[in-house]
Amino acid sequence: MRLILRTPCDTLELCLIVTFYDGQLVRNSGRIDLGQGYDLYYEESGNPNGSPVLYLHGGPGGGMEASARRFHDPAAFNLIMYDQRGAGLSRPTGGVERNNTALLIEDIERLREHLGIRQWIVSGGSWGSTLGLAYAQAHPSRCKALVLRGIFLGTRDEMHWVNQGMRKLFPLEWLECVEGMSEAEQDHLHSTIRARLSGQDREVAVRAAIALAKFEWIAATVNPDLKEIEAELTPEFSLQYSQIVCHYVMNDFFIDPDQLIRKIGKIHGIPGYIVQGTCDWVCPPWSAVRLHRAWPGSKLELLKGAGHSSAEPAVANAILAIMEDLKGRGQ
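This is a predicted model, so every value here is computed, not measured.

Engineer: Would you mind showing me how to read the environment of G272 here?
Structural biologist: Summarising the element assignment, G272 is placed in strand β9 (residues 272-277). For the pair G272 and M323, spaced 51 residues apart in sequence, the C-alpha separation works out to 12 Å. Ignoring anything within four residues of it in the chain, the contact list for G272 reads L146, W295, S298 and K299.

In structure tokens:
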């Protein structure tokens, strides 16, 4: 697919032609037994002899993003994608017992060893940026570079924004999300949703799960497509996603306070690429700026007017350009 961006300049029109690598086929897929009733589903695409790239999906609980393949030249990269514990096709669906950040990091290492990969580029957005940083700090020698989008550091301040700040930007969507909740329940949104998911009434659970996911999805793009969002948020997906994300939120994402900034020294020397929209309402730019300032040598692209999603044109172009640059450097 070719995306043509036109920028008017007086009487001239400048055209930038960007090629995305769409239509990639999955070359290999499989499952890894994680023990205690869990397994991990993964897929590989691209060149088996290419530079390995691990892509970490968002959420937690969002599942694999097939659209991420378009940023990776299949002739140059061996792209590995997988569904984190309880998400997507990994089993059990929506499982939250024995599901925490430390175990997710162990799962990544198990996947790397299973595939016989020594080092890889680690990429991800939103929660994927959180997990990518946590993994890199635990296993820096395994990371060639980090490519991170829509930075989330797993802090209470960031979650306070999601619960208290976003409602002021999306008031009608917020009221739809919290319909029937008391003010006290609204102030503890994720625990309220979790209680409804755990109840016996499936209709109530589905309604709560979809409402939470829809509120977040709408905030993720500058110009959301409501029909597309509603089509994506099936009861099955929304229940799985909301169950896992509420579990992580209620446990502070299983990350110590400001851990990812305090331990940034562990990844000094690893090339870091940070892509952040200035109109990212889910993960506002301050976290990306904090990360960049704490991480010597990191590169920050702060994109004016762009939102949270990798589907945002400016965000997509920035990610593609970074991957093309890494390809050119032989990373």
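Engineer: Hey, could you run me through the domain arrangement of the protein in this one?
Structural biologist: What the domain assignment reports for the protein is domain 1 (26-155 + 254-326) and domain 2 (157-252). Of note, the centres of domain 1 and domain 2, computed from C-alpha atoms alone, are 23 Å apart. On the domain 1 side of the contact with domain 2, V96, F254 and W281 bury the most area, a combined 30% of that side's loss. When grouped by side-chain class, the residues that make up the side of domain 1 that touches domain 2 number 15 nonpolar, 18 polar and two charged.

Engineer: Sorry, what's going on with the UniProt feature "domain: AB hydrolase-1" (unreviewed entry) in the protein here?
Structural biologist: UniProt's feature table lists "domain: AB hydrolase-1" (unreviewed entry) at residues 52-310, given in the numbering used throughout. Span residues 52-310 is 44% helix and 15% strand, its end C-alpha atoms 20 Å apart.

Engineer: Before we go on, may I ask you to explain the state of the cysteines in this structure?
Structural biologist: By definition, a disulfide links two cysteine residues through a covalent bond between their sulfur atoms. The full count for this structure, using the stated rule, is zero disulfides. Here C177 is not cross-linked by a disulfide; its sulfur's nearest cysteine counterpart is in C246, at 9.7 Å. Given the relative accessible area of 0%, C246 is considered buried.

Engineer: Where do I start with the UniProt feature "active site" (unreviewed entry) in the protein in this structure?
Structural biologist: With numbering matched to this structure, UniProt assigns "active site" (unreviewed entry) to S126, D280 and H308. A stretch of 183 residues holds the annotated residues, and the largest C-alpha distance among them is 10.4 Å, short enough that they meet in one place. Residue position: D280 is located in the loop between β9 and α11 (286-294). Residue contacts for D280: discarding those within four places in its chain leaves G150, P285, A306, G307 and H308. When you line up the elements, H308 lands in the loop between β10 (299-303) and α12 (313-328). Each residue touching H308, except ones within four places of it in the same chain, is listed here: S126, R149, G150, A220, D280, V282 and C283.

Engineer: What exactly am I supposed to notice about the pattern of salt bridges here?
Structural biologist: Two side chains bearing opposite charge may form a pair once their charged atoms approach each other closely. Scanning all chains against the criterion turns up 17 salt bridges. Between R167 and D187 there is a salt bridge, with the nearest N and O atoms lying 3.7 Å from each other. Here the residue R167 occupies a position in helix α3 (residues 156-169), and D187 occupies one in helix α5 (residues 183-187), the gap between them amounting to 20 residues. Assessed through its relative accessible area of 39%, D187 is described here as partly exposed. Residues joined by salt bridges that share partners form a network here, namely R31, D39 and R91.

Engineer: Got a minute to help me understand unusual backbone geometry in this structure?
Structural biologist: Trans is the common state for peptide bonds, and a negative phi is the common state for residues other than glycine. That bond from G59 to P60 is cis: its omega, 0°, falls within 30 degrees of zero. Its location among the elements puts P60 in the loop between β5 (51-56) and β6 (77-83). Of note, the amide linkage connecting R91 to P92 takes the cis form, showing an omega dihedral of 0°. Relative to the helices and strands, P92 resides in the loop between β6 and α1 (101-115). Phi is positive for S126, which is not a glycine, with a value near 60°. Along the chain, the position of S126 falls in strand β7 (residues 120-126). The buried category is assigned to S126, whose relative accessible area is 14%.

Conventions adopted
Residues numbered from 1 in each chain as written. Predicted model: local features only at pLDDT ≥ 70, side-chain atom pairs only at ≥ 80, totals over all residues. Heavy atoms only, no water. Helix = DSSP H or I, 4+ residues; strand = E, 2+ residues; numbered from the N terminus. Contact = heavy atoms within 4.5 Å. Domains from an automatic or database assignment. Buried area = accessible area lost by both parts, 1.4 Å probe. Nonpolar A, V, L, I, M, F, W, Y, C, P; charged D, E, K, R; others polar. UniProt positions renumbered as here; feature names shortened; annotations may be inferred. Disulfide = S-S within 2.5 Å. Buried < 20%, exposed > 50% of the residue type's maximum accessible area, 1.4 Å probe, protein only. Salt bridge = Lys/Arg side-chain N within 4 Å of Asp/Glu carboxyl O.

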